[in-house]
Each structure stands twice: as structure tokens, then as C-alpha cells.
Amino acid sequence: MVASAAVAALALGLSACGGDSDGDKGKDKGKDGGGKEGAATVQLPKLDGEKVSVSAVWGGSERKVFLKVLDEFEKRTGAEVSFVPAQDPIISFLESKVAGGQPPDVAMLPQVGAIEQAVANKWAKPVGAEAQKQLDKNYAKGWQDLGAVDGKQYGVYFKAANKSLIWYNTEVFDNAGVQEPKTWDEFMQTAQTVYDSGVTPLSVAGAEAWTLTDWFENVYLSQAGPEKYDQLAKHEIKWTDPTVKKALTTLGGLFGKKGFVAGNALQTEFPASVKQTFTGGDQPKAGMVFEGDMVSLAISETKAKVGTDAKVFPFPAVGDASPAVVGGDAAVALKDSKGAQALLTYFASPDAARIWAEAGGFVSPNKGLDLKAYPNDVQRGIADALIKAGDDIRFDMSDQAPQSFGGTPGKGEWKALQDFLKNPKNVAGTQRALEDAAAKAYKKS
Amino acid sequence: MTTPAAGGTAAVPPAESTPHPTKTGPHRTGPRRSVTGTRKTIAALFLLPALVLLGALVLYPIGYSVGRSFFDKAGDFNGFDNYETMFSDDGIRTAVKNNAIWLVAAPALTTALGLIFAVLTERVRWGTAFKLIIFMPMVISMLAAGIIFRLVYESDPDRGVANALWVGVHDTFAESSGFPQGHPGARSPLQGAGGGAFITKNPVRAGEPVVLPLTGVPPDRMPDDAESARPARADPAKVTGTAWQDFTRGKGRGQVNAPDAAEFGYPGIKIEAVKDGKVVASTKAASDGTFTLPKEADGAQLRYPASNFREPYNGVDWLGPSLITPAIIGSYIWMWAGFAMVLIAAGLASVPRELLEAARVDGANEWQVFRRVTVPLLAPVLAVVVVTLMINVMKIFDLVFVIPPGSSKDESNVLAVQLYNSAFGDRDAGVASAIAVLLFLLVIPVMLFNMRRMRREAQR
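A. How the structure looks around the overall build of chain A. In terms of helices and strands, chain A carries 21 helices and 12 strands. For 445 residues, the compact-globule formula gives about 22 Å, and the C-alpha radius of gyration of chain A, at 21 Å, lands near that figure. Based on the C-alpha atoms only, the size of chain A along its principal axes is roughly 65 × 55 × 35 Å. For chain A, with 445 residues in total, the buried portion stands at 57%. Partitioning the contacts of chain A with sequence separation of at least 6, the portion at a separation of at least 24 is 77%.

Laid out in C-alpha cells, this is it:
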């Protein structure tokens, strides 16, 4: 009880008190939400016989649920929706589609930069009046702005990612006798105690450097503040700035501590980093793993249950407040068709969000969505934190950067941070490498 | 004995005799008709589809790539800028270097291995079955082979076969210790002594029980005979103490620097008494963690030698930056040694046995026969294999694309992968075309060599 009260007092309100009974309650609530599905909150036009195509990079379980969301749209409008699987980077995929004269009606773009590119290439069509009405009703200003270019609304953020979370194995924490930390110092202490208990505290997916950029962004946003964060994202301040040095030193203190990071992090891929945290009974290869809410999808591939075996706490506050780094997939219309606009309206409504929310592994930026729709307390807590962060959210910095700097394996920021993970003492060298790569990439774009 | 020889001689004459009529043909007949008697226009008509295809699918793209390489990303003319970028970019320079390594190592090793297999399989009874097995990897697609080897080279010995073998061999010679990850907790009387050893901050006295608390040994690595840790009894004639894991599950440290009943001793952990840098006595702890040292240890510092904490050996970092290219070449050899073997075995079948017999009669041993007779006779076949593999290696893509994890992608870079990255990652068709041109120029000498050799073969 004490623990839950303390957690409730958290500004972010991430409640992680999910015993068995709570889990069951969560399920019942989910069913309730399902029952209300019939009560549509948005009116969609009749589109009998019309064909609408949607392109997204989702595969596996994500794709399956997304198809369910689209089925509901078909049922309501009578339109025929086809899913066009795309490859990463989706912008290149769309380029070939546009060049071939057959762009999909709507594309789900995973980065702010991709929306800007789509607008610059004159592919994207602005959001219509109906969809805009839904946006105004359901979305915080911060989220709307992320989908706008030069004051004009293009994107509807359908799926959000809260990238400021640390997941932990509850058994490891129990055995070590530690609580969820709230500040960086507490976090380091927790890690030390977990290490003393005979478990490596941290699993880092160093083979996929986007996790490393997220590490840096969380530390930086919390330590240097949102203004500096925005400046660095636009490369208005250099990577050799003292704030970067401070953030890297903080991060290096964690990565460089002997025994803190689970073996061979540079070859650990993201799914493996999660798996090794939640398999192996009370002796997993690591006790904690950092990343966004998509971790819960990877956990579902293990025997561990989110809410009982796996819990989550917000990224500890390095500076004054915990950071809220987000990502998200925005729906953007590429054709001026009625179907495309209707689909955007649908995506902006709570109805579409509810279907995926109930299936799990999904967080919606839609504040109109009843939190009861989420299948468990953990998901609900993540969503709640995201909605409460309101306009203070910051989009993933590397996703805002030019692709060659923030999104190419073996290059730019990705490479520099991997080298940093290999040698966490080399702060100055990492800064230099980052600045060199950034100078080149930002000049080109 | 006779069949291969007969087959060889029977196969060669037609191949030699066919070119002759075409060569001498035009001299004998009129200028308007060719050997077969068809008119030139008809011949051209029949050639046209092939020429159009060749032009559209080979010549035009080559020309277009060459042209495109002088334009930038957006399509504006920029002279030799792309070539400048190409040779100043670190990634591309690594790619050129790696391509050179590939070009030297892969065909040579593959051919050597193929030669060994071919010669050996000829002599064993189940040669065909053996050949079949060696050849099998060839039928797997490069992509699938890449995925297989990604798993083979996995660093975790529980998942990667290569490391499982390596660690297995290593551990039979050097076993890991019982207390990996052991380390002093906060406020410990111990401190690091360099090289992974831990030593007491102060000298110990006889008659005052010593505590040597450590933390961090994973419970599943603790020796099976570990019992509840107990404080040592004081003995004025001896130095006594306890070595144990100062950590209670679920409670943290418990009573700091004092053994609780819920905490376990370190049975068998080695303790040394050190005076002026010399070991004066040493002992091992009992199952409840207590230990006793003789009187000489009085006034010495107690030390846990580093051998207690040796980490389990984790094998070789195959996919790490330094070994990644050799590792990928290894997987390439696995795939293509069978191909080399089959070609060489076919060549071997046509080697006249009399020569080998003659050499043996003259007193040559098997190595000399192989070195001085078989290999020189096989030289043309070996050249074909090496050149084919060279061309193949020059454009290697799939394996290098699939095997390396993100963190060693740039160390394993080769030109074909860089071409792909430039074209579809950076979406810079200019630089990509420049790389394509470079690749084309690199292939030309090998192609010329191949053509000359073929022409010579035809003339023979």
C-alpha cells in the first residue's frame, strides 16, 4: 500500500501496483470497453465500393491488430481497405510508389522528419475539416504540432510511443530488496544493490543503436532541459556543447561501471535485450531494460507477464524532472480522396484507438480515449503519463535529425554512440565524432 | 582407370575441332553467304533480339551509371565530386580495403580447400557421399546461409555453435572459478588490489576474528555445499575469520559486514595472508565460510587472489569489429568450397593416370606426385575456379548484408553493400553510381584475364 501511495504521488502517476487481482480487474474493464464499441463517437461518411489503401511498416502482431482497426473502418463505411506493407525507411518506399504513379491513399509515417519530407516533396495532402475537428477535440497542442509543417496540419498521430520507461524484473527487485528509483542517484544505487545481489543490473541493446540514442535523449532532456534539447535537435548548438559533455559523462558513469551492463551489449539486439531480462527465473542475465512501451510486445514473447513479472517505472529524473521523450506514427494522406480523409478522421477518433488499445502493446496520444480501454495497469500508466505530459513532450531527437545522422546503422550518431558504449570514458572523442557527423549531415539536408 | 582417360580424350577432340570450320569457313565460300549458308540480313534479324536485350539490359545501364556518376543527389552536374566523396568517405575506404581482403583471401582459401577435398575424396571409398555433403551448402541461398551463420557466430556459447565449441575446448584446459562477479560492497573492509584481487585495508591480528564480506556472486553459481555463514571463533594462537556473501535475498545487505544466518559462506574460496608483498600463508574457507590461518598471518593483510573471481570464458567475439570480415569469409568458404571441389574433381578425372603412375614408378612420394604432377596438370582448372570466385567475391553482398550486427556493420563494409546503402539509405544515386563504376573498373582486369584464357583454350 505504501508503495502504491508513493507511486500515485508521482507527478507522472505511473501506477505499477499490479497484483493478480488488479490484473483481473483490468481485464474486466477491457471487456466493458469492448461492450461499448458499438457507441461510435465519430460519424463517418458512407463510402460503398470505394477503395482505400494504407501503407505502414508494421509487421507481425502489430500488423494483425492494425488490420483489425481497418476492418472496423470497412464495416462502418463500406469502403474496401487494403494494407500495403512497406519497408524501412518508408520514405524511400513511398518514393518508389509515387514515382510509379500509385501512392497509397494514406501512409503511416514514423518520424517527424518523414512528414516534413513528404510535405517538401509535395506528396502530403493537408488534413480536412472533419479530421481537424477530431484533432482539436482529442489531441493536445503538442501532439498536433508534431504533425504540422509550417502551420499547416498534415499528420494525425495514431500510435504513440513513450520512450522514457525502464522495465524491470520484479523478482530481481524483490530479491535485491529495492524499490523503483525516482532520481538518477537512486537509480545508480538501485543498480548497485541489484549488482550486489548477483544479478547484472542492466540490459542494453547496443547492436541497435536507436536504443542508445534514446538513452542519450532521455538523460539530455532531463538534465539540460527542453530548450537546449530543441536547439540540439536543430543543430543550433554544437555537439561539443558542455551540456552534451555533462550528459555523456552521466551516461558513461552507468555504461562504464564494471559489471553493470549485461555481456556483449554491442551484439545484443533489442528483442534479445528484453528477452534476457525476463527469462531465466530469478537469475536473468539482467534486471532492468530501458526502452519505450514496445518492450511489452517483446515481453509477450517470453513467459513473463506484464504487470506481475515485469513492471515499469518512468525514466529517473537526472535534472529537475523526469523526461518525456516520445515517438509516434502519424497517418498522412497522400491522395485527395474522400476515403483518405475519412480514414484520417477515423484515426483521430477514440474509436480507432480503442480497438488497438484493447489488444495491448499500444499507447494512444488521444486524450479522448478512456483509459479503461487499456488491458492492464502498466499500459494504462504509460498512457496516463503520456497524456499528462501534455505539451511538455519532446519528439525523439534522432528521428528529427537527417537520416544519415540519426538513422543509419554504422554511421553518424548511431556509430558514435556505439563506440561510446564500447569505451564510455571517451566523452570528448564521442562529442567530436558526433559533431563531425552532424556538421556533414545537417549541411547536406 | 581407363574410363576417365577415355572419357577425357573423347571429350577433347570435338571441342577442339568445332572452331576450325568457322575460322576457315569465310575463305572457302562467297562473301555474301556464311558457313551455314544463311544470308547476312537473316543472320542479323536473328541476332537482333539478343542485341536489343543486351543493349537495353547491359550496355545502356552501364552507360547510364557512368553518366549518372557525374551528377549529384538532386541530378545537377557536379563533375568528379562523387568520386572525390567516394575516396574521402571513411565507410567507402573501409569497403575498398575489405574488398581487397576478400579478393585475396576468399578465392585462394576456397580453391585450396576445394583442391584438398577433391584429391582426398578421390581416394576414399565413400567419396561420392562425401562430395555430396560438401556440395550441399551450395544449394542454400546466400541469404539463408547468412542467417545460419549469424546464429553460428552468436557470442553467447549457449546459442552460437562456434563459441560453444571454442568454450568447450577452452574450459577443458582452464576452468572458470567458483565466484565470478564477487566484489566488495559499500563500506567494506576490503579494497581492490589490482588485477581483480581484493585485500583487507588493515593488517589482521591473531585472536580477533576477521570478516571478509563480498557481494555479487549469483546464487546459481554458488557452490552446492555452501551453508549459512557463521562468525569465526576467536583463537589467540591463530588468525580466524569468515568469508561469505554479505547479501540477504530480499533484504539487501542485512547486517553490514557481519554474517547473518540467511547469508551463505564461500566454501573453497582461497585466502592468502600477505606481508610485504609476500604470501606467508594461505587457506581455503569451510562450507560455512570460516577459515583459520596459522600464527604467521598475524600482522599480515588478507587477500582474495584474483583466481577466485575469474569470469567464465565467453569465447571469441566473432561478430565483433576485428573478426567480422574473417568470420564472414569463413561462411563464404563453407558455401563455395563444394563448388570448387566439384570443378576440380572433374578436372582431376581427366588427368592422365599414366603420368601419375610414371612419377610413382620413378620413386616420387605422394606429396611430390601431388605437388609436381597433379597440381601443374590441374593449373588450368584451378585458374578457372579462382577467376570465377574472384568475380563472385567482387560483388559479394548477401552475406555481408545479413551477418554483421549493427555495431560492426561499417567494419565489415564492402563495395556492393556500400553501393546499396548509398543508393537506398542515403538515396544518393550519384555516389552509388560512382561506386558502381569503380566496381566495374575493378572487374575489368579479371574479365580480360578470363577472356584471354578462354581464347587461348579455344586455340589449343
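B. Region of interest: the overall build of chain B. For chain B, the count of helices and strands is 14 helices and 8 strands. Projected onto its principal axes, the C-alpha positions of chain B cover 120 × 75 × 40 Å. Counting every position in chain B, which comprises 460 residues, the buried fraction comes to 33%. Within chain B, counting contacts between residues at least 6 apart in sequence, those at least 24 apart form 69% of the total.

C. Structural view of the domain arrangement of chain A. Residues and elements named next belong to chain A. Entries for chain A in the domain assignment read domain 1 (30–162 + 325–395) and domain 2 (165–322 + 401–444). Put simply, the middle of domain 1 and the middle of domain 2, counted by C-alpha atoms, are 28 Å apart. Contact with domain 1, which involves 17 residues of that partner, is made by 18 residues of domain 2. Only β6 (155–162), β11 (325–333) and α17 (377–389) provide two or more residues apiece to the side of domain 1 that touches domain 2. Examining the composition of the side of domain 1 that touches domain 2, we find that 5 residues originate from one element, α17, more than from any other. Partitioning the side of domain 1 that touches domain 2 into residue classes produces 7 nonpolar, 7 polar and 3 charged.

D. Here's a closer look at the nonpolar core. The biggest cluster of nonpolar side chains holds 142 residues, and the ones touching the most others in it are V106, V156, V332, L343 and L344 of chain A. Residue contributions to this core peak at 8 residues, all from helix α10 (residues 210–224) of chain A. Both domain 1 (30–162 + 325–395) and domain 2 (165–322 + 401–444) of chain A contribute no fewer than three residues apiece to this core. Those residues in contact with L344 of chain A that lie beyond four places of it in its chain are V106, V127, G128, A131, V156, A331 and A333 of chain A. Ranked by size, the runner-up nonpolar core spans 54 residues in total, among them Y153, A162, L399 and I435 of chain B.

E. Structural detail: the sheet that holds strand β8 (residues 202–203) of chain A. All names here are of chain A. With respect to topology, 4 strands assemble into an open sheet ordered β8-β9-β7-β10, the strand pairing being mixed. Two strands lie at the open edges of the sheet, namely β8 and β10 (310–314), each paired on one side alone. Across 2 bridges, β8 lies against strand β9 (residues 288–290) in parallel orientation. When the bridges of β9 are listed, S203 appears paired with V289.

F. Structural view of the interface of chain A and chain B. On the side of chain B, 26 residues touch chain A, which itself brings 29 residues to the contact. Going through the elements one at a time, α8 (170–176), α9 (184–196) and α20 (412–422) of chain A are the ones with two or more residues in the side of chain A that touches chain B. Of the residues that constitute the side of chain A that touches chain B, the class distribution is 7 nonpolar, 16 polar and 6 charged.

G. Just the environment of K440 of chain A, in detail. By the secondary structure assignment, K440 of chain A is in helix α21 (residues 427–444). When the C-alpha positions of K440 of chain A and A233 of chain A are compared, they lie 15 Å apart, and in sequence the two are 207 residues distant.

H. Representation of helix α8 (residues 161–173) of chain B. All names here are of chain B. Over its 13 residues, α8 extends 19 Å from the first C-alpha to the last, a length consistent with the 18 Å expected when each residue adds 1.5 Å. Turning to α8, its buried residues number three or more, namely A162, N163 and V167. Along the axis of α8, the buried residues cluster in a sector spanning 110°; they form a single face. In this structure, α8 carries G168, V169 and T172 as exposed residues pointing more than 90 degrees from its buried face. Contact partners of the buried residues in α8: α7 (142–152).

I. Just the sheet that holds strand β7 (residues 290–293) of chain B, in detail. Residues and elements named next belong to chain B. Across the sheet, which stays open at both edges, the 3 strands sit in the order β3-β4-β7 with mixed pairing between neighbours. Across the chains shown, the open sheet's two edge strands, defined by having one partner strand only, are β3 (210–214) and β7. Ignoring which end each strand starts from, the neighbouring axes of this sheet average 25° apart.

J. The environment of P181 of chain A, seen in detail. All names here are of chain A. Within the secondary structure, P181 is located in the loop between α8 and α9. A count of 19 C-beta atoms within 10 Å places P181 in the partly exposed class. Each C-alpha atom, one on P181 and one on L47, is 52 Å from the other, the two residues being 134 residues apart in sequence. In this structure, P181 is in contact with E186, F187, T190 and P316, ignoring residues within four places of it in sequence.

K. Quick look at the environment of L151 of chain B. Residues and elements named next belong to chain B. Within the secondary structure, L151 sits in helix α7. What makes L151 exposed here is the crowd of 12 C-beta atoms within 10 Å. In this structure, the C-alpha to C-alpha distance between L151 and A162, residues 11 residues apart in sequence, is 9.0 Å. Other than its neighbours up to four places away in sequence, L151 contacts R159 and G160.

L. Looking closely at the confidence of the model for chain B. All names here are of chain B. Taken as a whole, chain B shows an average pLDDT of 84; of its residues, 90% reach a score of 70 or greater. Counting contacts from residues 1–26, a segment whose pLDDT is below 50, to residues more than four positions away or on other chains yields 10 contacts. Prediction confidence for the complex, expressed as pTM and ipTM, is 0.76 and 0.71 respectively.

So, how was this worked out
- Residues numbered from 1 in each chain as written.
- Chains lettered and ligands numbered in written order.
- Predicted model: local features only at pLDDT ≥ 70, side-chain atom pairs only at ≥ 80, totals over all residues.
- Helix = DSSP H or I, 4+ residues; strand = E, 2+ residues; numbered from the N terminus.
- Rg over C-alpha atoms; globule rule 2.2 N^0.38 Å.
- Buried ≥ 20, exposed ≤ 12 C-beta atoms within 10 Å, placed from the backbone.
- Contact = placed C-beta atoms within 7 Å.
- Domains from an automatic or database assignment.
- Nonpolar A, V, L, I, M, F, W, Y, C, P; charged D, E, K, R; others polar.
- Core = buried A, V, L, I, M, F, W, Y, C linked by C-beta atoms within 7 Å.
- Pairing = 2+ DSSP bridges.
- Expected span 1.5 Å × (residues − 1).
- Arc of directions from axis to C-beta.
- Axes fitted to C-alpha atoms, helices over the stretch in contact; angles between N-to-C directions.
- pLDDT = per-residue confidence, 0-100.

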